[in-house]
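A structural walkthrough
Chain by chain, the residues run as shown.
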Amino acid sequence: MRRVWLIAWHGFVQHATSRPFLLGVFLPMFYLLLVGWVPNASQSQLALLGSPIRHFAVIDKTGAILPVIDAALDNDRLTRALLALTDYADEHADKDRLRQGDPKLAKFLLEGDPDSPRAIDELSAQGGAISTFIALRPYLKPGAPRFIEPPTRFFRIDLPEEILASDDLLKAAQPYLSAKQLIRGPFGPVHLWAILIVPKEFYDGTERATYLSDDLTRPFLRDLLRAALDKELKRKSGEALSLSPQSITQLLGTAREMQSIDPDPENLGAVTGLRQIRVLGANIVYFMLFFALFMTANMVVMALVEEKSNRVAELLLSCVRAETLMAGKLFTGLLLALFLVGVWVTTVLGTVDIFFPAAKVIVSELSKNISGVGQLFQLTVFFALSYLTVGAFFLAAGSAANSISDAQAVVAPATLVTMPICMLPLAVAYAPDSLFARFASYVPFFSPFTMMVRSLSSPEGIDVLGALVVSLLTLWWLIRLVARVFRANLLRPDSPATFFGFLRDLWRAPQRG
């Protein structure tokens, strides 16, 4: 075993300090840093990231619309905060204790309609989402995370004087709307998303408002402004009909609460937003592990082919057994894969924290897929088993090659053969506790890959134990099989290399054994 680790560590140091490997490690880091730095150097990073935060301006020629717009923005902020708070309470509050300790708060957060105007007024009367969260804190489950209020998504800003004084407003505003020029925002230079122009004759109906934007495919801001203007017109119409202010307010606020029920909350169906990100986080993590697995496996295979073509492999075989050499190469690749994943995760977390603080909530949702040390250890174990399974097959295939061109002819078909095994678990992420997912956990070869995905959703202990036994037995059988082919191929340095020849040798290996 000591010789295996010596070979593994020597190979790890050799590869980890090579230029191609360092390029593969640090190039993604460079791209992340560049993507984070450029927005900081040019404009609001949230705008470039496709964030829902939008900056817009209003040209109010009536002199009465700006307070209406500002009230609509405040109402939008409270609505989104209440939706987030009710979702938070549903997931993290001890509902029975909350109903006993504060029935009014329980009815408001657990049974109310967060979209109703009355609920928004009640939240405002309580001092906003943070004050309501403070009242909720005594009834939270142990270990519940802190509530993060959604950021304001729409900011009204002032236009530069050059736009206001221009005779051709559309032409003057075009460079700002297309982000060719930035405008001063509340926290620095930003992209001007839209301009709302309300003419002087807007109230009498002879002229209509105009919404200017370089992107009309995302109508959220436009719809909010239209609703605010429509509400104000209805108010003015009520005044024209000699209705009292109280009657107008009552008429505009008339609404019924609607109860919302998801009959199957665990079914993905039409989930959106952060809940969908959390579920699909399993696929994101799996793709990262999958890429690291194949990248390092191919790297170790190419190094083996080079050693074989240079007769270095024959020298090594004079000192150690072929099985020892193969085991050392396998652990070399595993160490490289774990190192690669560690660097990528650290880089992503560091980059998000420094350059994309608004994306922390997304990272927080993704991190919920790995809730503890035990789950992380389980994921690492099945990742190691997946790598050793694929790596053993690749090493045996690569041992048949005598040159880099031969290796490409052998390893490329081997990759295609193993691809279905690696891709099938992606379907498991959408229903990790389904009958299909549990069945796939016990299928040889598929088992460790399936459990990599299922480890992100806390599978049952019997499935973990069963998949571990199946994976270990499959790996033991595969290594015994491919070790004979590996030894025979290393001792035939001048034999022609083909993928079908490798499969033939693999088929005949048990007969020779």
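The coordinates are above.
Anyway, here's the lowdown on the structure attached to this text.

1. Overview of the packing of helix H17 (residues 373-398) against helix H21 (residues 446-454)
Relative to each other, H17 and H21 sit at 150°, their axes nearing to 8 Å. On the basis of their axis angle, the class for H17 and H21 is roughly antiparallel. For the crossing formed where H17 meets H21, the hand is left-handed. Residues Gln378, Leu379, Phe382, Phe383, Leu385, Ser386, Thr389 and Val390 of H17 touch H21, and the partners they reach there are Pro448, Phe449, Met451 and Met452. By residue class, the composition of the contact of H17 with H21 is 9 nonpolar, 3 polar and no charged.

2. Details of helix H7 (residues 117-125)
Within H7, burial applies to Ala119, Ile120 and Leu123. Looking straight down H7, one finds its buried side chains confined to an arc of 100°; they lie on one side. Opposite the buried face of H7, by more than 90 degrees, sit the exposed residues Arg118, Asp121 and Ala125. Among the structural elements, helix H4 (66-92), helix H6 (103-111) and helix H8 (129-136) are those in contact with the buried residues of H7. Following H7 by one or two positions, Gly127 has its phi on the positive side, about 100°.

3. Some thoughts on the sheet that holds strand S1 (residues 54-60)
Spatially, 4 strands are ordered S2-S1-S5-S6 in an open sheet, and the strand pairing comes out mixed. In this open sheet, the two edge strands, each paired with only one partner strand, are strand S2 (154-156) and strand S6 (210-213). Going from strand to strand, the sheet's axes swing by 25° on average, the running direction of each strand aside. Across 4 bridges, strand S5 (residues 192-198) lies against S6 in antiparallel orientation. Looking across to S6, one finds that Leu196 is bridged to Tyr211. Packed onto the sheet, H4 meets S1, S2 and S5 and runs at close to 155° relative to S2.

4. Points about empty space enclosed by the protein
Throughout the structure, instances matching the rule amount to 3 cavities of 30 Å³ or more. Taken as a whole, the second largest cavity holds about 40 Å³ of empty space. Lining the second largest cavity are Ala297, Val300, Val301, Lys329, Leu330, Tyr387, Gly391, Phe394 and Leu395. Going through the elements one at a time, helix H13 (273-309), helix H15 (322-355) and H17 are the ones with two or more residues in the lining of the second largest cavity. At 4 residues, the largest contribution of residues to the lining of the second largest cavity is made by H17. Considered class by class, the residues forming the lining of the second largest cavity number 7 nonpolar, 1 polar and 1 charged.

5. Looking at the packing of H4 against H6
Remark: H4 packs on H6, axes separated minimally by 8 Å, with the N-to-C direction vectors making an angle of 105°. Taken together, the axes of H4 and H6 lie roughly perpendicular to each other. From H4, Leu82, Leu85, Thr86, Ala89 and Asp90 reach across to H6, where they touch Phe108, Leu109 and Leu110. Considering only residue class, the contact of H4 with H6 consists of 6 nonpolar, 1 polar and 1 charged.

6. Topic: the pattern of salt bridges
Between side chains of opposite charge, pairing is possible as soon as their charged atoms come close. Enumeration over the complete set of coordinates arrives at 12 salt bridges. For Asp74, the salt bridge is made with Arg77, and the minimal N-O distance between the two is 2.6 Å. Here Asp74 and its partner Arg77 are both found in helix H4, 3 residues apart, which amounts to about one turn of the helix. Overall, the relative accessible area of 35% leaves Asp74 in the partly exposed class. Across the pair Lys95 and Asp90 runs a salt bridge, and its minimum N-O distance is 2.8 Å. Judged by its relative accessible area of 29%, Lys95 is partly exposed. What emerges from the salt-bridge pattern is a single network uniting Asp433, Arg438, Arg454, Glu460 and Asp463.

What counts and how
Residues numbered from 1 in each chain as written. Predicted model: local features only at pLDDT ≥ 70, side-chain atom pairs only at ≥ 80, totals over all residues. Heavy atoms only, no water. Axes fitted to C-alpha atoms, helices over the stretch in contact; angles between N-to-C directions. Helix = DSSP H or I, 4+ residues; strand = E, 2+ residues; numbered from the N terminus. Parallel < 35°, antiparallel > 145°, perpendicular 65-115°, else oblique. Left-handed = near helix turned anticlockwise from the far one by under 90°. Contact = heavy atoms within 4.5 Å. Nonpolar A, V, L, I, M, F, W, Y, C, P; charged D, E, K, R; others polar. Buried < 20%, exposed > 50% of the residue type's maximum accessible area, 1.4 Å probe, protein only. Arc of directions from axis to C-beta. Pairing = 2+ DSSP bridges. 1 Å grid on protein atoms, 1.4 Å probe; cavity = no way out; pocket = protein on both sides within 12 Å on 5 of 7 lines; lining within 4 Å. Points joined across faces, edges and corners; volume = space filled by probe spheres on them. Salt bridge = Lys/Arg side-chain N within 4 Å of Asp/Glu carboxyl O.

The values are spatial; any link to function lies outside them.
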